[in-house]
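A closer look at the structure
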Amino acid sequence: MNSNRRPIIAGNWKMYKTAAEAIALVKALKREVEGVKDVEIVVCPPFTALSAVSAVVQNGNIKLGAQNVHWEKEGAFTGEISAPMLKELFVRYAIVGHSERRQLFGETDAGVNKRAKAALANEIRPIVCVGETLAQREKGQTKTVVREQVTGSLAGLSKDDMLETVIAYEPVWATGTGKTAPPAQAQEVHALIRELLVAAFDQPTADKVRIQYGGSVKPANAKELLGQPDIDGALVGGASLDARGFAEIIKAAV
Ligand code: PGA
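Residues numbered from 1 in each chain as written. Predicted model: local features only at pLDDT ≥ 70, side-chain atom pairs only at ≥ 80, totals over all residues. Heavy atoms only, no water.

**Topic: the site of the ligand**
Quick note on the threshold: When at least one non-hydrogen atom of a residue lies within 4 Å of a molecule or strand, that residue is treated as near it. Pairing of N or O atoms within 3.5 Å defines a polar contact, subject to two protein rules: one partner must be a possible hydrogen donor and the other a possible acceptor, and residues neighboring in sequence count only if both atoms are side-chain atoms. Accessible areas in this description were obtained via Shrake-Rupley with a 1.4 Å probe; residue shielding takes into account the shown protein chains only. Think of it as three bins: nonpolar holds Ala, Val, Leu, Ile, Met, Phe, Trp, Tyr, Cys and Pro, charged holds Asp, Glu, Lys and Arg, and polar takes everything else, Gly as well.
In the vicinity of the ligand, 13 residues are found, and the nearest of them are Lys14, His98, Glu170, Gly176 and Ser216. Between the ligand and the protein, one listed contact pairs an oxygen atom with a side-chain N or O atom of asparagine 12 at 3.5 Å. In the environment of the ligand, an oxygen atom lies 2.7 Å from a nitrogen or oxygen atom belonging to the side chain of histidine 98. A total of 280 Å² of accessible area belongs to the ligand in isolation, and the protein chains cover 94% of it. Split into classes, the residues belonging to the shell around the ligand amount to 3 nonpolar, 8 polar and 2 charged.

Have a look at this one:
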């Protein structure tokens, strides 16, 4: 972490929690993180629970995020949700390009780029996910893959857009697997991403952008990961489904 960047810890609830279960979880989290001010806290429930969770977090220190967003404002796009629909529910963040979307649902950098732009146009901050697979890492392609994803997903963003955007580095082999990237190895990729931002924008912009690490972040490893100079937060899956544990991760960022 770096004191110039406000840490951001986001919980990606994936396809877990009915609306009733989501209310119980967010209420428990609210109690756990009462008084936490120096960390931006975001929860990303499934679409069906956004409205219910939105009501619970209003005026508090927990912000609402969505797990995806479509680029059109409306239309014949069965199964998709638009940015104005999310904005109406006070959604402030949207994950785009999560590895599960890329791997299981065929999302591409070009689509991720359109989703990020639609979010920004509606005052929703995109959390743009990038990361290599195990096969790519083993073939020594990590840097090339991450460079391609960062460049493609952020194409055409202005400096102001970039300042509203969060990047999440999530090595696919560490996501939902219980395996975490060694902190120094994660730091190396975070530093590369920041260099790419310097090249695409400029140093002052790159210095302000927050880059989260994601992939089996838990209370036990959060402190060390967040202690790396270019790791500015975490995108947490499994461990965000437990209010106490997620709160411990949040407090590790203070
Ligand atoms: P995990 O998921 O923390 O369960 O590995 C992270 C993510 O997929 O965003």
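**Quick word on the side chain of glutamate 40**
Rules: Helix and strand definitions follow DSSP, with helices as H or I runs of at least four residues and strands as E runs of at least two, each counted in order from the N terminus. Only heavy atoms matter for contacts: two residues are in contact if any of them lie within 4.5 Å across the pair.
In this fold, glutamate 40 is placed in strand E2 (residues 40–44). For glutamate 40, the residues in contact, after removing those within four places along its chain, are Arg6, Pro7, Ile8, Ile9, Lys63, Tyr93, Arg125 and Arg210.

**A look at the pairing of strand E5 (residues 125–130)**
Heads up, the condition is: Classification of residues uses two cut-offs on accessible area relative to the type maximum, computed with a 1.4 Å probe and protein chains only: under 20% is buried, over 50% is exposed, and between them is partly exposed. Only strands joined by at least two bridges in the DSSP assignment are considered to pair.
Counting buried positions over the 6 residues of E5 gives 5, a clear majority of the element. One ladder, built from 4 bridges, connects strand E4 (residues 93–96) with E5; its direction is parallel. Opposite isoleucine 95, over in E5, you have isoleucine 127 as the bridge partner. Bridging between E5 and strand E6 (residues 166–169) involves 4 bridges; their strand directions are parallel. Bridge assignment links cysteine 129 to a residue of E6, and that residue is alanine 168.

**Here we look at the layout of surface pockets**
Formally: As defined here, a cavity is a set of points on a 1 Å grid over the protein atoms alone where a 1.4 Å probe fits but cannot get out. A pocket is an open set with protein on both sides within 12 Å along at least five of seven lines, and residues line them when an atom is within 4 Å of a point. Grid points are joined across faces, edges and corners, and a volume is the space filled by probe spheres set on the points.
The volume enclosed by the largest pocket comes to roughly 420 Å³. Considering the residues around the largest pocket, the lining is formed by 19 residues, among which Lys14, Phe47, Gln67, Arg101 and Phe105 are closest to the centre. Counting only elements with at least two residues in the lining of the largest pocket, the list comes to helix H2 (47–57) and helix H4 (99–105). Here the lining of the largest pocket gets 4 residues from one element, more than from any other, and that element is H4.

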